Amino acid sequence: MTAFSFQRIGVMGAGAWGTALANAAARAGRQRGASVALWGRDAAAMARMAEARENAADLPGIALDAAVTPTGDLAALAAADAILLVVPAQACREALGRLAPLARAGLPVISCAKGIERGSRAFMTEVIADALPQAVPAVLSGPSFASDVAAGLPTAVTLAAHDGTLAEALAAALGSTTLRLYHSTDVRGVEIGGAAKNVLAIAAGIVAGRRLGASAAAALVARGFAELMRFGRAYGAKAETITGLSGLGDLILTTSGPQSRNFAFGRALGAGEATGGKLAEGAFTASVLVEMAQARSVDVPISTAVDAVLAGRLSIDGAIEALMARPQRAE
């Protein structure tokens, strides 16, 4: 691992998760004097963040680490030794297009978005490889709320790259006593867990919003995990990845309550309330995940029901009835 040096970390995307990861990277690099450039597209907003030393809009009350420099300058971001890509999944290609003219060959770019690109059906590392071919794609995912990570509460996630030595080096550079990173070469498995669990979290939120009870919630998570495993196997994921932090671990967290945006989105749907303006990645992922499941004859009834509800093809009550009326089968 001596061949790798990660003194300068870039974070592309200055929302709650990007800010949290910037703080985490700064804590991890404190002993070696590492610096973190936190980039956002609104230069004026980044200047205000730099002056206030706080992301007041997304993480109020949590101070930026002294090693974090908010910036609207793409050149400052491109000068990093590794970049965390922390923009919404459907915006990754456009963001990478901005970076492409400045990025050096061999630059590790770590996707921290949890989704699948609509239209292309591309996972985020595939989007990186296509839009920024000079980069080396990697992915970071697992059970983590931005507020917990930003505040330095104990959290464990997975970082995967096709090159196991690089994955281990990045995990060592970004991990600390408060953020434990496991490394893996199962890039696809880590991506699938992060994308699919968001769709299932919407279903869990609907169950809560409809007040269907704890028994229904437990059944939803268990059967949702079964379809996550089927989908993962069909697309080459390792079973141990799906049962690990970035699969089962993230599913448990994101179906546990309204701190999850996808759960909160689903709960509002189930209760017949406005879904609000916060991004729910699962709402964009549901249709493409179902398309991909159908392409390989994978049975994903819960995800299919969520997609049908979001598209207006089925009412929530109709979806519940259809799921409960499915033919009986052995588990």
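Calculation criteria
- Residues numbered from 1 in each chain as written.
- Predicted model: local features only at pLDDT ≥ 70, side-chain atom pairs only at ≥ 80, totals over all residues.
- Heavy atoms only, no water.
- Core = buried A, V, L, I, M, F, W, Y, C linked by side-chain atoms within 4.5 Å.
- Buried < 20%, exposed > 50% of the residue type's maximum accessible area, 1.4 Å probe, protein only.
- Helix = DSSP H or I, 4+ residues; strand = E, 2+ residues; numbered from the N terminus.
- Contact = heavy atoms within 4.5 Å.
- Pairing = 2+ DSSP bridges.
- Axes fitted to C-alpha atoms, helices over the stretch in contact; angles between N-to-C directions.
- 1 Å grid on protein atoms, 1.4 Å probe; cavity = no way out; pocket = protein on both sides within 12 Å on 5 of 7 lines; lining within 4 Å.
- Points joined across faces, edges and corners; volume = space filled by probe spheres on them.
- Nonpolar A, V, L, I, M, F, W, Y, C, P; charged D, E, K, R; others polar.
- Right-handed = clockwise from strand over helix to strand, strands pointing away.

**Considering the nonpolar core**
Generally speaking, soluble globular proteins have nonpolar side chains that are buried together.
So, step 1. W17, L84 and I110 are the most contacted members of the largest nonpolar core, which totals 42 residues.
So, step 2. Looking at which element gives the most residues to this core, the answer is helix α1 (residues 16-28), with eight residues.
So, step 3. With near-sequence residues (within four places) excluded, I110 lies in contact with I83, L84, L85, A138, V139, L140, L159, L170 and L174.
So, step 4. With 37 residues, the next largest nonpolar core counts F123, F225, M292 and I316 among its residues.

**Section: unusual backbone geometry**
So, step 1. In this structure, R53 is a non-glycine residue whose phi angle is positive, near 60°.
So, step 2. Note on placement: R53 falls in the loop between α2 (43-52) and β3 (68-71).
So, step 3. According to the relative accessible area criterion, R53 is partly exposed, its value standing at 26%.
So, step 4. The backbone of R211 sits at a positive phi, close to 55°, despite the residue not being glycine.
So, step 5. You can call R211 exposed: its relative accessible area is 76%.

**Notes on the side chain of D307**
So, step 1. Of note, D307 is situated in helix α14 (residues 301-310).
So, step 2. In contact with D307, other than residues within four places in its own chain, are A286, S287, V290 and R313.

**A closer look at the sheet that holds strand β8 (residues 179-184)**
So, step 1. Here eight strands make up an open sheet; going across it, the order is β3-β2-β1-β4-β5-β6-β7-β8 and the pairing mixed. Every interior strand has two partners, whereas the edge strands, β3 and β8, have only one. On average, each strand axis in the sheet is inclined to that of its neighbour by 25°, with strand direction left out of account.
So, step 2. Across four bridges, strand β2 (residues 35-39) lies against β3 in parallel orientation. What sits directly across from L38, in β3, is P70.
So, step 3. Sheet strands in contact with helix α4 (residues 92-99) are β1 (8-12), β2, β4 (82-85) and β5 (108-111), and its direction is about 150° off that of β4.
So, step 4. The strands touched by helix α8 (residues 187-209) are β6 (136-141) and β7 (155-161); relative to β6, the strand with the most contacts, the crossing angle is about 45°.

**So, empty space enclosed by the protein**
So, step 1. For the coordinates displayed, the defined rule picks out three cavities of 30 Å³ or more.
So, step 2. Computed from the structure, the largest cavity encloses a volume of approximately 50 Å³.
So, step 3. If you trace the largest cavity, you find it lined by S111, A113, K114, G115, M124, V139, L140, S141, V190, E191, G194 and A195.
So, step 4. The set of elements that each furnish at least two residues to the lining of the largest cavity consists of β6 and α8.
So, step 5. Looking at the lining of the largest cavity element by element, the count peaks at four residues for α8.
So, step 6. Here the lining of the largest cavity is composed, by residue class, of six nonpolar, four polar and two charged.

**Topic: the side chain of S287**
So, step 1. Topologically, S287 is positioned in helix α13 (residues 281-295).
So, step 2. Once you skip the residues sitting within four places of it in the chain, S287 turns out to touch R118 and D307.

**Comments concerning the pairing of β5**
So, step 1. Of the two faces of β5, the one carrying P108 and I110 and the one carrying V109 and S111 are both buried.
So, step 2. Judged from the three bridges that link them, β4 and β5 form a sheet pairing that is parallel. Its bridge partner lying in β5, L85 is registered against S111.
So, step 3. Note that the unit made of β4, α4 and β5 has a crossover that is right-handed.
So, step 4. Pairing of β5 with β6 involves four bridges; the strand directions are parallel. Bridge pairing in β6 places S111 opposite V139.
So, step 5. For the handedness criterion, the β-α-β arrangement of β5, helix α5 (residues 124-131) and β6 is classed as right-handed.

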